[in-house]
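A structural walkthrough
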Amino acid sequence: STDTNLTQHYDITSGTYMNAETRSASHSFKIGTTEKMSIDSSGKVGIGYSSPAQILTVAGATGASLGLFRNDADSAITVGNHLGQIEFSGKETGGERTGAMIRATTTGSWEDNTNHSPTRLDFFTEDGTSTGNLSTPRMTIQENGAVGIGTSSVTSPAGSLNMLRIQHATGS
């Protein structure tokens, strides 16, 4: 293409060049001559993939992995620390809102360097009755595999699967 601009940066630490190729239709980020990331004209991002079909496509030759990483080198990871979360949100005339969330939270200390990293997954949904009702998990998977669904003790299920069903009465 005749409308291509090339910017090249040299990384003195690794001794490699990074190329950022800019075109009116897309952007391509290369290490040497190998494309590592692209942004197409519609804004779709491909990491390890040059023709993304979704807003974000992550690809790898031996399988794709997306990491959420807590990087707090100044202090230890302890009980109750949030490691990361995925939020399912939308924006409309009333503003941006989150309708659901999955969060990873530590359930034990990681300080002992034994590669033991006890963690639970909490699943949250907005019930539509009040703003910001994502404070109580609807389902929890504990580090030992126990699952709690809709219980008042959702953070510590009583067995392998612990559920509570609440029925709401309707009438005039």
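This is a predicted model, so every value here is computed, not measured. Going along each chain's sequence as written, the residues are numbered from 1 onward. Local features in a predicted model are, by the rule used here, given only for residues with pLDDT of at least 70; side-chain atom pairs are given and counted only at 80 or more, and totals for whole chains, interfaces and linings are based on all residues. Side-chain numbers here rest on the full set of heavy atoms in the structure, without hydrogens or water.

Now for the overall build of the protein. Across its full length, the protein holds zero helices and 12 strands. Elements are defined by DSSP. Helices are runs of H or I of four residues or more, strands are runs of E of two residues or more, and each kind is numbered from the N terminus. Its helices and strands in sequence order give the protein the pattern β-β-β-β-β-β-β-β-β-β-β-β, from N to C terminus. For the protein, the proportion of its 172 residues judged to be buried stands at 19%. The criterion used for residue contact is that any of the two residues' heavy atoms lie within 4.5 Å. Sequence separation of at least 24 residues holds for 12% of the intrachain contacts in the protein that already meet a minimum separation of 6. Of the accessible surface of the protein, which amounts to about 12200 Å², a share of 52% is contributed by carbon and sulfur atoms. Three exposure classes are used, based on accessible area relative to the maximum for each residue type with a 1.4 Å probe and protein chains only: buried under 20%, partly exposed in between, and exposed over 50%. Areas reported here follow the Shrake-Rupley algorithm with a probe of radius 1.4 Å; residue values treat only the protein chains shown as occluding.

Close approach of charged atoms lets side chains of opposite charge pair. A carboxyl oxygen of Asp or Glu within 4 Å of a side-chain nitrogen of Lys or Arg is what we treat as a salt bridge. By the definition in use, this model includes three salt bridges. Here R120 makes a salt bridge to D122, at a shortest N to O gap of 2.8 Å. Residue classification places R120 among the buried positions, given a relative accessible area of 17%. Since its relative accessible area comes to 2%, D122 is described here as buried.

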